[in-house]
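Spelled out from the first residue to the last, the chains are:
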Amino acid sequence: RGRAALPHATTVRPKALQRRLRTDLSPLEADLSPLEVVLMQECDRMEALVTEVHASLARLDESMRGGAPVDEGADTLVGALQRGLVPASWTELAWPSAGPQPLGRWLLGLYARRAHLEEWAAQGVPPTVTWLGGLFRPQAFVFALLAETSRRTGTPLESLSAVAEVTGYDSAEQVGAPPENGVYVHGAALEGANWDASAGKLAEAPSGGRCATRLPVMHIRALEAVTTADTIAAAPYGVYASPVYATGPASGAERRGEELPLTAWLPSEAPPSLWVVSGAALRLDGECDWQRRATQQPGKSDEELGFLLTSH
């Protein structure tokens, strides 16, 4: 089976920013903007993850050839790969996840995230629409947006909160330019309620089962509100102020992942109490459209694993 090498993740780093960094300076000390710092940190995390994937597979290959003893780490790696699961040493360095994922789908997610970082690095600024669920630390991206707003307006950072509102764009491809204020993001899913796309508002979820509806592109901006309660109180009439989580609950669990410093304003004709009782909330969707389609293609997992088995 033909295989191609996965380039080392350091090549993702934007050269224009790299030139502004000296070996004795951190990104924060090099006068980078908050979002530029987040970009560098995301690239570093990608580098660490890909390096670990390559190194662990290289060690396993050496052990299988008899060049090194088979230690506990190799046994654990083999066990996970044989079951089609992601090894723990990889997930520890990876993006937020609600639980174990099939290996093929996870690898596709790795490539999708690398492509997203490459687009960001090439432009020097976040893409026109940022895949929020594709980031290793989406919380840092939201905080960076608040920090940039604070720099631009002079508003104290501690007085700002982030709010997200649904736009009329069904997909990222429909967006031609970034907003004048804030950022566009995609990759949010709604749980505990349905989204009526034609009316642009919340609707009750079917009884039974857990609902997860992908939302259109959202617009995140900074709002002068000190606490989450202030952000909820500032929501216009007819809007449900929803929390946003990095992941949904793991299988069989009720507890969601880490809550982001972000509140989503979702139009609704029903009182907010209905959605509170139903547990309506947003979670980040960790898969992009092409990744979801690719997982339906037979043999895709083997092909993608072949990329990582090739040394870089």
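Preceding this paragraph is the structure being described.
Definitions and limits used
Numbering of residues starts from 1 in each chain and follows the order in which that chain's sequence is written. A pLDDT threshold of at least 70 governs which residues receive local features in this predicted model, and a stricter bar of 80 or more applies before side-chain atom pairs are shown or counted, although totals over entire chains, interfaces and linings include all residues. As a convention, hydrogens and water are excluded, and side-chain values are obtained from all of the structure's heavy atoms. Cavities and pockets are found on a 1 Å grid laid over the protein atoms alone: a cavity is a set of points where a 1.4 Å probe fits but cannot escape, a pocket is an open set with protein on both sides within 12 Å along at least five of seven lines, and a lining residue has an atom within 4 Å of such a point. Grid points are joined across faces, edges and corners, and a volume is the space filled by probe spheres set on the points. Helical segments are the DSSP runs of H or I of at least four residues, strand segments are the runs of E of at least two, and each set is numbered from the N terminus. Throughout, the ten residues Ala, Val, Leu, Ile, Met, Phe, Trp, Tyr, Cys and Pro are labelled nonpolar, Asp, Glu, Lys and Arg are labelled charged, and all others, Gly among them, are labelled polar. Lines fitted to C-alpha atoms define the axes, with helix axes restricted to the stretch in contact, and inter-axis angles between N-to-C directions lie between 0 and 180 degrees. Just so you know how the angles are binned, under 35 degrees is roughly parallel, over 145 roughly antiparallel, 65 to 115 roughly perpendicular, and the rest oblique. We call two residues contacting when some pair of their heavy atoms lies within 4.5 Å. Pairing of aromatic side chains here covers Phe, Tyr and the six-membered ring of Trp, requires ring centres within 6.5 Å, and sorts the geometry by plane angle: under 30 degrees stacked, over 60 edge-to-face, intermediate tilted. Only protein chains enter the calculation, and the probe is 1.4 Å; a residue is then buried if its accessible area is under 20% of its type maximum, exposed if over 50%, and partly exposed in between. Whether a charge lies above a ring is judged from NZ of Lys or CZ of Arg, which has to be within 6 Å of the ring centre and within 35 degrees of the ring normal. Any carboxyl oxygen of Asp or Glu within 4 Å of a side-chain nitrogen of Lys or Arg constitutes a salt bridge here.

Draft legend 1. Representation of empty space enclosed by the protein. Per the stated rule, a full pass over the model turns up one cavity of 30 Å³ or more. By volume, the largest cavity is sized at about 80 Å³. As for the largest cavity, its lining consists of 13 residues, and the residues nearest its centre are Leu-132, Val-185, Ala-188, Met-218 and Leu-284. The set of elements that each furnish at least two residues to the lining of the largest cavity consists of strand S3 (183–186), strand S8 (218–224) and strand S11 (281–284). Each residue belonging to the lining of the largest cavity can be placed in one class, and the counts come to eleven nonpolar, two polar and no charged.

Draft legend 2. Quick look at the packing of helix H2 (residues 34–64) against helix H6 (residues 138–153). In the contact formed by H2 and H6, the axes pass within 8 Å of each other and the chain directions differ by 155°. By the angle class used here, H2 and H6 are roughly antiparallel. Between H2 and H6, the residues in contact are Pro-34, Leu-35 and Val-38 and Ala-140, Phe-141, Ala-144, Leu-145, Ala-147, Glu-148 and Arg-151, respectively. Across the contact of H2 with H6, the residue classes tally to eight nonpolar, no polar and two charged.

Draft legend 3. Examining the side chain of Thr-130 more closely. Position of Thr-130 relative to the elements: it lies in strand S1 (residues 129–131). When near neighbours in sequence (up to four residues on either side) are disregarded, Thr-130 contacts His-116, Leu-135, Phe-141, Tyr-184, Val-185 and His-186.

Draft legend 4. Spatial organisation of the packing of aromatic side chains. Taken as a whole and assessed by the stated rule, the structure comprises five aromatic pairs. Look at Trp-95 and Phe-136: their rings are 6.0 Å apart centre to centre, the planes differ by 75°, and that puts the pair in the edge-to-face class. Taken as a pair, Trp-95 in the loop between helix H4 (88–91) and helix H5 (103–123) and Phe-136 in the loop between S1 and H6 lie far apart in primary sequence, 41 residues in all. One exposure class covers both Trp-95 and Phe-136, and it is buried. Linked through ring pairs, Trp-90, Trp-95, Trp-106 and Phe-136 together constitute an aromatic cluster. Seen from the ring of Trp-95, Arg-113 lies directly overhead, with NZ or CZ sitting 3.9 Å from the centre.

Draft legend 5. Region of interest: the environment of Leu-223. Relative to the elements of secondary structure, Leu-223 occurs in strand S8. Residues Leu-223 and Thr-149 lie 74 residues apart in sequence; the distance between their C-alpha atoms is 9.4 Å.

Draft legend 6. Spotlight on the pattern of salt bridges. For the coordinates displayed, the defined rule picks out six salt bridges. Taking the shortest distance from any N to any O, the salt bridge between Arg-45 and Glu-42 comes out at 3.7 Å. Placement of both Arg-45 and Glu-42 in helix H2 is noted, with a separation of three residues, approximately one turn of the helix.

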